Number of protein chains: 2
Amino acid sequence: MRVDRPADRREQILEVAARLFAERGFHGVSVGDLGKAVGISGPALYKHFDSKDAVLAEMLIAISERLLAEGQQRVDRAGNAADALRALVDWHVDFALAQPSLIVVQDRDWRSLPAPARERVRSLQREYVDLWAAQLRRLRRGLTLDQARSIAHATFGLINSTPHSRLLPDDAMRPLLREMALRSLDV
Amino acid sequence: MRVDRPADRREQILEVAARLFAERGFHGVSVGDLGKAVGISGPALYKHFDSKDAVLAEMLIAISERLLAEGQQRVDRAGNAADALRALVDWHVDFALAQPSLIVVQDRDWRSLPAPARERVRSLQREYVDLWAAQLRRLRRGLTLDQARSIAHATFGLINSTPHSRLLPDDAMRPLLREMALRSLDV
DNA sequence: CGGCTAGGTTAACGCTCATTAACCAGCCTC
DNA sequence: GAGGCTGGTTAATGAGCGTTAACCTAGCCG
């Protein structure tokens, strides 16, 4: 029959898993479901991953790294703190609109990770938060680190709300989120 | 031994369940865990609730109703749209700071509800969103309903981020969230 | 040609979980 | 003081899950 690209099974599994985990939660998707959704069945998954946990781990570590790496690059290219924050907002908004499933899984299911992966993800997230926090503190000198982190967290919450509403087309959602985020940051 | 108030078992179960569900997720807490946490064991829970699902259902319906009812009252008491929005922000911020567990469970685990309860909760949430949306549209005439809803959703995301960070004491968090929320709404 | 490897299959295992069954003690009421 | 709620107990049940075992086939390589 050859319905789907045999491209790379691993990649395919990760994509499909992101969608399913987002819809029904990590524990709401069985290995059997996941297999069926990619056209193989059940235990064949173990030819590609060590465990169900490992699928989640690879998925979450990859996006945390990507979010941080690209964020860092954009900050490096920016001339000043305000520009850096604008660039960070753009990046995060684009990412949230392009990968709503990953956003959902990342903040709903990170608790299901095995301890070492969980620590890795938490640590990458902390770095990402601190990337934002540092720019905020360059811009508004009075801010403590924890204040700046709290502000960053709140703005993430704002942007990450996208997957929960999705009432407008992306072209309308993008500027709306950008402006709300920038106003919330007072940039 | 008599360690805890025997006040009302039902109530106690709901409180403890909120905390546990928030920490480990609905599927991450077994009926046995829940029983142990309130000092009874396992199946005794069925003397108070029809099922594990029913605990979640009662919890989520109750808070959705409370959020809406109080929100409605505050709007009714407000003189104009801007005051109404300020009152809604205050209410939502206070609630999120007082009941972080419920906030977490509500938006992480509503998918685990049995269909009728899920519909009830979704419908109450829609009403609550529309309460905000209506005030936004009174204030900024050009807004479509879906635009206003999207804005409300984003601001909820901002405020509901509280339980994920919690780096500052409530007294510092409250004004920070209030101001960010109001700026995000452009009020 | 012969065998290794990659990527599948189905069957079986063992565990956990929600739920039910069966039973029991104390208390309130008539 | 007999009897029925109320709120517990432990044991059993049955389903679903992640994972492992055992086996198979096709293609590549020497």
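For chain A, an unreviewed UniProt entry supplies the name TetR/AcrR family transcriptional regulator and the organism Nocardioides agariphilus.

A. Up close: the protein's contact with DNA strand D. Taken together, 14 residues form the shell around DNA strand D, and within it Val31(A), Tyr46(A), Lys52(A), Arg9(B) and Lys47(B) come nearest. Here a phosphate oxygen of DNA strand D sits 2.6 Å away from a polar atom, N or O, in the side chain of Lys52(A). With respect to DNA strand D, the side chain of His48(B) contributes an N or O atom lying 2.8 Å from a phosphate oxygen. Of the residues contributing to the surface near DNA strand D, the split by class is seven nonpolar, four polar and three charged.

B. A look at the interface of chain A and chain B. In this complex, chain A contributes 28 residues to the contact, which on the side of chain B involves 28 residues. Both faces considered, chain A and chain B share a buried interface measuring about 2500 Å² in area, 65% of it formed by carbon and sulfur atoms. Run the count over chain A and chain B and you get zero salt bridges. In this assembly, chain A and chain B are joined by three residue pairs in polar contact (both at pLDDT 80 or more). Taken together, the elements giving at least two residues each to the side of chain A that touches chain B come down to helix H1 (9-24), helix H7 (145-160), helix H8 (162-165) and helix H9 (170-185) of chain A. Here the side of chain A that touches chain B takes 10 residues from H7(A), the largest share from any one element. Considering only residue class, the side of chain A that touches chain B consists of 11 nonpolar, 10 polar and seven charged.

C. Main features of the relation of the copies chain A and chain B. Here chain A sits on chain B after a turn of 180° about the axis and a move of 0.0 Å along it, with an RMSD of 0.0 Å. One copy is carried onto the other by what is essentially a two-fold rotation axis. A share of 100% of the interface residues of chain A reappears at the interface of chain B, consistent with the copies meeting face to face through the same patch.

D. Main features of the nonpolar core. In this structure, Phe21(A), Trp132(A), Phe21(B) and Trp132(B) are the most contacted members of the largest nonpolar core, which totals 132 residues. The contacts of Trp132(A), once residues within four sequence positions are left out, are Leu85(A), Leu88(A), Val89(A), His92(A), Ala152(A), Thr155(A), Phe156(A), Ile159(A) and Leu185(A).

E. Spotlight on the protein's contact with DNA strand C. Taken together, 14 residues lie near DNA strand C, and Arg9(A), Lys47(A), Val31(B), Tyr46(B) and Lys52(B) sit nearest. When atoms of DNA strand C within 4 Å of the protein are sorted by moiety, sugar and phosphate together comprise 56%. For DNA strand C, a phosphate oxygen lies 2.8 Å from a polar atom in the side chain of His48(A). At 2.5 Å, a side-chain N or O of Tyr46(B) approaches a phosphate oxygen of DNA strand C. Residues belonging to the surface near DNA strand C are distributed by class as follows: seven nonpolar, four polar and three charged.

Cut-offs used in this document
- Residues numbered from 1 in each chain as written.
- Chains lettered and ligands numbered in written order.
- Predicted model: local features only at pLDDT ≥ 70, side-chain atom pairs only at ≥ 80, totals over all residues.
- Heavy atoms only, no water.
- Near = heavy atom within 4 Å.
- Polar contact = N/O pair within 3.5 Å; in protein donor to acceptor, adjacent residues only side chain to side chain.
- Nonpolar A, V, L, I, M, F, W, Y, C, P; charged D, E, K, R; others polar.
- Contact = heavy atoms within 4.5 Å.
- Buried area = accessible area lost by both parts, 1.4 Å probe.
- Salt bridge = Lys/Arg side-chain N within 4 Å of Asp/Glu carboxyl O.
- Helix = DSSP H or I, 4+ residues; strand = E, 2+ residues; numbered from the N terminus.
- Least-squares fit on C-alpha atoms with pLDDT ≥ 70 in both.
- Core = buried A, V, L, I, M, F, W, Y, C linked by side-chain atoms within 4.5 Å.
- Buried < 20%, exposed > 50% of the residue type's maximum accessible area, 1.4 Å probe, protein only.

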